[in-house]
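# Examining the three-dimensional arrangement
Next come the chains, spelled out residue by residue.
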There are 2 protein chains.
Amino acid sequence: MTLDPLPETDLTRHRRLRDQGSLDRADLHAILDAGFVCHLGVVVEGRPLVVPTVYGRDEGQLYLHGSVASRSLAGGTPVCVTVTHVDGLVLARSVFEHGVNYRSAMIHGEARKVTDPEERLEGLRRLTEHAAPGQWSYARSPNRKELAATTLLALSLEEASVKIRTGAPDDGDGPDAELGLWAGVLPLASVWGAPVADPLLPPETPVPAHISRRGGTRHG
Amino acid sequence: MTLDPLPETDLTRHRRLRDQGSLDRADLHAILDAGFVCHLGVVVEGRPLVVPTVYGRDEGQLYLHGSVASRSLAGGTPVCVTVTHVDGLVLARSVFEHGVNYRSAMIHGEARKVTDPEERLEGLRRLTEHAAPGQWSYARSPNRKELAATTLLALSLEEASVKIRTGAPDDGDGPDAELGLWAGVLPLASVWGAPVADPLLPPETPVPAHISRRGGTRHG
């Protein structure tokens, strides 16, 4: 499947480290799908506020769990949502060339409070399945009161900026290579552990396969 | 060592999920020391911008690597820096009680561009040693030109908000416990991999101990 490239706008155009920028919508989707916690930025009384929150998505929209930031989100309030995966430390010959291997997506737009009950349920489903695949049908569904108590935000994925850095340091063919120092990458990976049962659970309760099979697998 | 508690201000007071809030400065330091990438929020032309960047710290200040955001940071510009560690998924009996175990620090203040050459060098040293302990003395130090090309920001740690959630889901003693569903936590951990040498490196170059000994250890 080929997707339209991401549009370059005043907000998404890469001004710095342009070689790390990507306009490939598939990269955007892959970065979003590799995580479930984003950092949501809003402006409150002229000051920035950056709040971690969970998210899910469909083809064109990000769904965000409401948080302390929601109080400040009237209709049309600009937000910036950033998802970052740190893949390793880039250890160069010189301190100056040190860096990070990472994948990052930054989405700009106006967050919309989801009020339609059906969309709210569907957004919550996507959010839950994104973080914990299989839990939407396994766990008890939200009742009307719980749904009403949940703030869900939607944000278009149309205006997004993607940056990816991979591979070795950049000073391997420069004069510093003659220093004889070791250089390379120290990789960093996120790994799911074995499920830890709630101590209040009856001991015979089986761990469902959709949970147990994630243990030991890589996340991100 | 006992540290003064963090002050409660209009920006740091916990309004939501108050039981997850901490005023313990040692918790703040521990969260900062467990990571090296933060999300820096600034306001640019009325819009929020959330940029991942690397940081280090001393007792009272955070040092941040300059980035695209730096262009927008005149003196006294308010910033919000958030560091989040995701420790696991909280899988409850009901979708509504699902959540995340995490440690998060949010620092509010005015970022200052570090211009004094000595402080700039010291800040860069802390930033480098924070992410890659041992590299400051191992790798080639920044020369005058490189130092001049590096933007370093400093931010007081005085106004900070810390939130921590640990442990099992909250619905183990409620009516949903009778559903007989499995509930608990799926832990998530960040682990350093084995060092990957730059392909341009002569094969006999030894991996220094300060790098090789991190391989396989937990990060975060």
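For the structure itself, look to the data block above.
Calculation rules
- Residues numbered from 1 in each chain as written.
- Chains lettered and ligands numbered in written order.
- Predicted model: local features only at pLDDT ≥ 70, side-chain atom pairs only at ≥ 80, totals over all residues.
- Pairing = 2+ DSSP bridges.
- Helix = DSSP H or I, 4+ residues; strand = E, 2+ residues; numbered from the N terminus.
- Least-squares fit on C-alpha atoms with pLDDT ≥ 70 in both.
- Contact = placed C-beta atoms within 7 Å.
- Expected span 1.5 Å × (residues − 1).
- Buried ≥ 20, exposed ≤ 12 C-beta atoms within 10 Å, placed from the backbone.
- Arc of directions from axis to C-beta.

Here strand β5 (residues 78–91) of chain A runs beside strand β10 (residues 184–192) of chain A; their pairing, made up of four bridges, is antiparallel. Bridging from a neighbouring strand, Val-90 of chain A pairs with Val-185 of chain A of β10 of chain A. As paired elements, β10 of chain A and strand β11 (residues 196–197) of chain B share two bridges and run antiparallel to each other. Bridge pairing links Gly-184 of chain A to Ala-197 of chain B in β11 of chain B.

Glancing now at the relation of the copies chain A and chain B. Of the two same-sequence chains, chain A is brought onto chain B (RMSD 0.0 Å, axial shift 0.0 Å) by a rotation of 180°. These values place the two chain copies in the arrangement generated by a two-fold rotation axis. Considering only C-alpha atoms, the part of chain A nearest the rotation axis is Ser-190 of chain A, at 2.1 Å. When the interface residues of chain A are mapped onto chain B, 100% of them again fall at the interface, so both copies present the same face.

Between its terminal C-alpha atoms helix α2 (residues 117–131) of chain B stretches 21 Å, which fits the 21 Å expected from 15 residues at 1.5 Å a residue. Of the positions making up α2 of chain B, those classed as buried are Arg-120, Gly-123, Leu-124, Leu-127, Thr-128 and Ala-131 of chain B. Buried residues of α2 of chain B, seen end-on, are gathered within an arc of 130° and therefore sit on one face of the element. Summarising the contacts, the buried residues of α2 of chain B are in contact with β5 of chain A together with β3 (47–57), β4 (61–65), α3 (135–138), α4 (144–148) and β8 (152–156) of chain B.

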